Amino acid sequence: MSTSPLDNPFYYLENFRQVLSWITQRYDDLLDEEERRFIADFAQLPQPAQALLVRMVMRKGVLFRASKLDYAEIGDVRLAAVPLLANGWVDGQPQLDLQALFALLRKDELSQCFKAHAVKSAEKKADLLERLLPHYQHSQALSLWFDSFDEVIFALEIMPLCDRLRLLYFGNLYQEWSEFVLADLGIYRYEKVEFSLQSRGISQRQDIDICLHLHACRQGLEEGIALAELAAQALAIQTDNPWLSMRRAKLLFQIGQQAEREQEAALALDVYAQSSYPGARVRRIRVLERAERFVEAMALLQQAQAAPQNDEETQHLLRIQPRLLKKLGQGGVRKRTTRSMARLDLRVIPLPDHSVERLIQLHLSEEGSEVHYVENALINSLFGLLCWPAVFAPLPGAFFHPFHSAPSDLYSPDFYQRRAALFDACLAQLDDERYLDVIRQTYVDKFGLQSPFVFWGTVTPALLEQALHCLPAQHLKRWFRRLLQDIKANRTGMPDLIQFYPAQRSYRMIEVKGPGDRLQDNQLRWLDFCAEHGMPVMVCYVQWAEDSVLAG
């Protein structure tokens, strides 16, 4: 019987050692002397010291009370800390300002520490801090704050170094060390991707500094730093790394959005103009429109219409254009002809714990056909199964560690372009019968592995076989091509139900709208696409049957 990795009390230490080994193998040429020395010296530490350091690294903040670092597998924490203090990785007498002291001590301890100030039992901790701040604006060691207090404060001095190592491993700073636990428990299983020097997203030392700078800017945005200052910092970042360039473009887009919220139109226009992130151009047009700079807005709109980024942008432009023409006194613009969409109107009795989609599934199944509630799961899954090698190709900036459920650049505008030859080879299999065997075999070989496209819980073997039997290969190809145009926008919005007619080897897709529901933009785009290409799709509008009150 296998045992859980968490049966090992040092599981977190084993994970950290694996990280250091991985980084040494992949990034040794990018490490500086301090980082190499840390990795080498860490390996020489006694196990309790290693474990204590990792525990602190994985906790929030950099200041810790020794009495709170209580771990049975480590034992005496003050003894375990001795090598860490000797290496200068931990400071045992850090300088604490009043706010830090208040964060570390309890109210009763603070009352003793500042008893000369006649602390009242009813006085709140925050009020006491505010009262004492004018008197204590210096920093000093805990022993000078509270000489009779038997406690040690540890300050982690190497957090910036550990953050750099975490960045190299995960490719970002929002993932935490704790993510290893789920993988260790076998809750998630991942595709094994071949790693090489050529597949690294970070290929030179300055890439690390740029990553850290971008992260600091994102934090500044969340913390409300002055936008003009933040924008200047972001615009000053220059890189020829495509992966980092897209991250910078997204940051500029987010700064532009915040500038709009703060009604800083000039700043929003400036950062949007220098961002290639999808949606930035439409936002520029909207800002120009609100500023009543209609001529500039129209010029930019016409430029965008000549080469739209994606279907979503085209949809937005079609909505903006009539308004701009009217403002410019050029009259209206002929509305785009809406494609005729098959419509089904049904009245059903609501049932407890049944969504409207499930009710329609049950209703249509009574006709003798096979009806499945798949929404986005089926088409995405068929795409993921056919194109598995292209999705998990080890391109630079795509995979940083063994625990990726999707490529890091999945939503980048150039995701397809970077893998065009690989995806084209996968889709070429739809031109003959090869795709059937490929999809079936991938389903067997990769079952249960994390994937950004395959919904293992929805796509049963029976559903897979029905889909392969009833869905024409050319329809699959059109859907997959559309997915690749804009994965972020187009992987959602697909019709709720699919109805198979196995005897006729045919199907129809049905978008279900309950009383008062409206079609969303991404749903409208999918329905229009299917109608344009002659794919059987309809919208089912549902009303509740009047006698539903009698259902009980």
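Keep in mind the model is a prediction, meaning the values are calculated, not measured.

1. Here we look at the confidence of the model for the chain
With 94% of its residues at a pLDDT of 70 or more, the chain has an overall mean of 91. Note on residues 548-552: pLDDT is under 50 here. Beyond four places in sequence and across chains, it has four contacts.

2. A closer look at the packing of aromatic side chains
The relative placement of two aromatic rings is captured by the distance of their centres and the angle of their planes. Applying the stated criterion across every chain, the model contains 29 aromatic pairs. Centre to centre, the rings of phenylalanine 392 and phenylalanine 399 are 5.9 Å apart; their planes meet at 20 degrees, and the pair counts as stacked. For phenylalanine 399, a relative accessible area of 2% puts it in the buried group. Aromatic side chains phenylalanine 415 and phenylalanine 423 sit 5.8 Å apart centroid to centroid with 55 degrees between the ring planes, which places their arrangement in the tilted category. What makes phenylalanine 415 buried here is its relative accessible area of 1%. Residue classification places phenylalanine 423 among the buried residues on the basis of a relative accessible area of 0%. A connected cluster of aromatic rings, assembled from ring pairs, spans Phe383, Phe415, Tyr416, Phe423, Phe453 and Phe480.

3. Here we look at the pairing of strand β6 (residues 497-501)
Most of β6 sits inside the fold, with four of its five residues counted as buried. Pairing of strand β5 (residues 370-373) with β6 involves four bridges; the strand directions are antiparallel. Bridge pairing links valine 371 to glutamine 499 in β6. Summarising the sheet, β6 and strand β7 (residues 506-513) pair through five bridges and their orientation is antiparallel. Looking at β7, one finds that leucine 497 is bridged to isoleucine 510.

4. Quick notes on helix α15 (residues 265-273)
Residue pairs spaced three or four apart in an α-helix point in one direction, given the helix's 3.6 residues per turn. Along α15, the residues that are buried comprise Leu267, Ala268, Leu269, Val271 and Tyr272. Contacts made by the buried residues of α15 are with α13 (227-236), α14 (242-261) and α16 (280-290).

5. Describing the pattern of salt bridges
Going through the model one piece at a time under the given rule, you end up with 33 salt bridges. Put simply, glutamate 289 and arginine 286 hold a salt bridge, and the shortest N to O gap is 2.8 Å. On the criterion of helical spacing, the pair formed by glutamate 289 and arginine 286 is a turn pair, its members being three residues apart in helix α16. The class for arginine 286 is partly exposed, based on a relative accessible area of 23%. Here lysine 477 ties to aspartate 431 by a salt bridge, and the two come within 2.8 Å at their closest N and O atoms. Here the residue lysine 477 occupies a position in helix α26 (residues 473-485), and aspartate 431 occupies one in the loop between α23 (420-428) and α24 (434-445), the gap between them amounting to 46 residues. One connected set of salt bridges, linked through shared partners, spans Asp32, Glu34, Glu35, Arg164 and Arg205.

6. Description of the sheet that holds strand β1 (residues 63-65)
Backbone-to-backbone hydrogen bonds pair the strands of a sheet. The strands run either parallel or antiparallel. The three strands are arranged β1-β3-β2 in an open sheet whose pairing can be described as antiparallel. Every other strand in the sheet has two partners, leaving β1 and β2 (90-91) as the edge strands with one partner each. Contacts between helix α3 (residues 47-58) and the sheet are confined to β1, β2 and β3 (153-156), with β3 contributing the most and set at about 75 degrees to the helix.

7. Points about a nonpolar patch on the surface
The grouping of Ile349, Leu351 and Leu362 at the surface amounts to a nonpolar patch, some 230 Å² of accessible area in total. By the secondary structure assignment, leucine 351 is in the loop between β4 (342-348) and α19 (356-365).

8. Side note on the sheet that holds β6
Taken together, the five strands give an open sheet; going across it, the order is β4-β8-β7-β6-β5, and neighbouring strands pair in mixed fashion. Each edge of the open sheet is held by one strand with a lone partner, namely β4 and β5. Recorded for the sheet is a direction-independent mean angle of 30 degrees between the axes of neighbouring strands. When β7 meets strand β8 (residues 537-544), the two strands line up parallel, connected through five bridges. Residue pairing across strands places lysine 513 opposite tyrosine 541, the latter belonging to β8.

9. Comments concerning the side chain of glutamine 140
Relative to the assigned elements, glutamine 140 resides in the loop between α8 (125-132) and α9 (142-145). A distance of 3.3 Å separates a polar atom in the side chain of glutamine 140 from a polar atom in the side chain of histidine 138. With residues up to four places along the chain from it excluded, the contact list for glutamine 140 reads Pro94, Gln95, Leu96 and Trp145.

What counts, and where the lines are drawn
Residues numbered from 1 in each chain as written. Predicted model: local features only at pLDDT ≥ 70, side-chain atom pairs only at ≥ 80, totals over all residues. Heavy atoms only, no water. pLDDT = per-residue confidence, 0-100. Contact = heavy atoms within 4.5 Å. Phe/Tyr/Trp six-rings, centres within 6.5 Å; stacked < 30°, edge-to-face > 60°. Buried < 20%, exposed > 50% of the residue type's maximum accessible area, 1.4 Å probe, protein only. Helix = DSSP H or I, 4+ residues; strand = E, 2+ residues; numbered from the N terminus. Pairing = 2+ DSSP bridges. Salt bridge = Lys/Arg side-chain N within 4 Å of Asp/Glu carboxyl O. Axes fitted to C-alpha atoms, helices over the stretch in contact; angles between N-to-C directions. Patch = residues over 30% accessible without salt bridge, like charges linked within 9 Å, V, L, I, M, F, W, Y side chains within 5 Å. Areas by Shrake-Rupley, 256 points an atom, 1.4 Å probe, with all protein chains shown as cover. Polar contact = N/O pair within 3.5 Å; in protein donor to acceptor, adjacent residues only side chain to side chain.

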